[in-house]
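Here is what each chain is made of, one letter per residue.
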Amino acid sequence: MSLYGDYDSQNIFAKIIRGEMPCYKLYEDDDVLVFLDLFPQSFGHTLVIPKRAEARNLLEIDADNLTKLTLAVQKVARVLADELQPDGVQIAQFNGAPAGQTVFHIHMHVIPRFAEQGLQAHASGKADPAELEKLQARLVKRFQSA
Ligand code: 5GP
């Protein structure tokens, strides 16, 4: 059952935290890393992950890291709302494969929602790298002044 099990330090987000795999980073501090989803469900779909917690999901994360993660999610939602002017912001988090989790390092999805635009399927079509780079440059500036 994927809701329970050992933390695998070779998961893709752990590799991104260690700098072994690239990402379109928007913001980083001692506790969290914020980067663009490679398979975005909407324009600006962003992931927020704790750097110091070896937790697979919400059931496992400690209170201190969860607090920092939640505060970071709020900051990300504010920056995305400010820069991209969506009509809504969806926050999502999945625990266990049957619930939709595909990467087993806890993460929060921050998904800008635009009126009358549906969502792309979860973890499906890969974004155009040039578009991600352009969006990254735009959002990094916003995070620097947030
Ligand atoms: P989950 O299904 O576990 O809640 O979400 C995992 C998310 O990570 C999905 O939205 C998927 O598109 C995204 N993802 C999977 N692999 C990578 C990757 O290598 N880099 C980035 N930036 N996102 C990824």
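All values derive from a computational prediction rather than experimental measurement.

Trainee: Quick rundown of the UniProt feature "domain: HIT" (unreviewed entry) in the protein chain? Include the residues and the values.
Mentor: In the numbering adopted here, UniProt assigns the feature "domain: HIT" (unreviewed entry) to residues 12-122. Across residues 12-122 one finds 25% helix and 23% strand; the C-alpha atoms that close the span lie 17 Å apart.

Trainee: Lay out the pattern of salt bridges with the relevant residues and their values.
Mentor: On inspection of all chains with the given rule, the structure shows 11 salt bridges. With its nearest N and O atoms 3.8 Å apart, the salt bridge here joins Lys134 to Glu131. Of this pair, Lys134 and Glu131 both sit in helix H3 (residues 129-144), three residues apart, which is roughly one turn of that helix. A single salt-bridge network, built from bridges that share partners, covers Asp31, Arg52, Asp64 and Lys68.

Trainee: Describe the site of the ligand, naming the residues involved and giving the relevant values.
Mentor: By nearness alone, 17 residues border the ligand, and Asp37, Thr102, His107, His109 and His122 come closest of all. Leu38 places a polar main-chain atom, nitrogen or oxygen, 3.4 Å from a nitrogen atom of the ligand. Contacts to the ligand include Thr102, whose backbone N or O atom sits 2.7 Å from an oxygen atom. Here the ligand has 510 Å² of accessible area as a free molecule, and 92% of this is covered by the chains.

Trainee: Any chance you could break down the pairing of strand E5 (residues 108-113) for me, citing the residues and the numbers?
Mentor: Of all six residues in E5, five are buried; the element is thus mostly enclosed. Relative to E5, strand E4 (residues 88-92) runs antiparallel, the two being bridged by five bridges. What sits directly across from Ile91, in E5, is Val110.

Trainee: Give me the lowdown on the packing of aromatic side chains, citing residues and values where you can.
Mentor: In the structure shown here, the tally under the stated rule is two aromatic pairs. Between Phe13 and Phe35 the ring centres are 5.4 Å apart and the planes differ by 80°, which places this aromatic pair in the edge-to-face class. Of this pair, Phe13 sits in helix H1 (residues 12-17) while Phe35 sits in strand E2 (residues 32-36), and the two are 22 residues apart along the sequence. Under the relative-accessibility criterion, Phe13 is labelled buried at 7%. Residue class for Phe35 comes out buried when judged on its relative accessible area of 3%.

Trainee: Tell me about the packing of helix H2 (residues 63-84) against H3, and please be specific about residues and values.
Mentor: In contact at an axis separation of 10 Å, H2 and H3 are set at 115° when each is read in the N-to-C sense. Pair H2 / H3 crosses with right-handed handedness. Touching Lys75, Val76, Val79, Leu80, Asp82, Glu83 and Leu84 of H2 are Leu135, Arg138, Leu139, Arg142 and Phe143, all from H3. Among the residues forming the contact of H2 with H3, the class breakdown is seven nonpolar, no polar and five charged.

Trainee: Could you give an account of H3, naming the residues involved and the relevant values?
Mentor: Here H3 contains 16 residues, and its C-alpha end-to-end distance of 22 Å stays within 8% of the 22 Å for a straight helix at 1.5 Å per residue. Where H3 is concerned, the buried positions are Leu132, Leu135, Leu139 and Phe143. The arc that holds every buried residue of H3, seen down its axis, measures 75°, which confines them to one face. The outward face of H3, more than 90 degrees from its buried face, is lined by the exposed residues Lys134, Lys141 and Gln144. Buried-residue contacts for H3 involve strand E1 (25-28), E2 and H2. With a side-chain oxygen lying 3.0 Å from the backbone nitrogen of Ala130, the N-terminal cap of H3 falls on Asp128.

About the criteria used
- Residues numbered from 1 in each chain as written.
- Predicted model: local features only at pLDDT ≥ 70, side-chain atom pairs only at ≥ 80, totals over all residues.
- Heavy atoms only, no water.
- UniProt positions renumbered as here; feature names shortened; annotations may be inferred.
- Helix = DSSP H or I, 4+ residues; strand = E, 2+ residues; numbered from the N terminus.
- Salt bridge = Lys/Arg side-chain N within 4 Å of Asp/Glu carboxyl O.
- Near = heavy atom within 4 Å.
- Polar contact = N/O pair within 3.5 Å; in protein donor to acceptor, adjacent residues only side chain to side chain.
- Areas by Shrake-Rupley, 256 points an atom, 1.4 Å probe, with all protein chains shown as cover.
- Buried < 20%, exposed > 50% of the residue type's maximum accessible area, 1.4 Å probe, protein only.
- Pairing = 2+ DSSP bridges.
- Phe/Tyr/Trp six-rings, centres within 6.5 Å; stacked < 30°, edge-to-face > 60°.
- Axes fitted to C-alpha atoms, helices over the stretch in contact; angles between N-to-C directions.
- Left-handed = near helix turned anticlockwise from the far one by under 90°.
- Contact = heavy atoms within 4.5 Å.
- Nonpolar A, V, L, I, M, F, W, Y, C, P; charged D, E, K, R; others polar.
- Expected span 1.5 Å × (residues − 1).
- Arc of directions from axis to C-beta.

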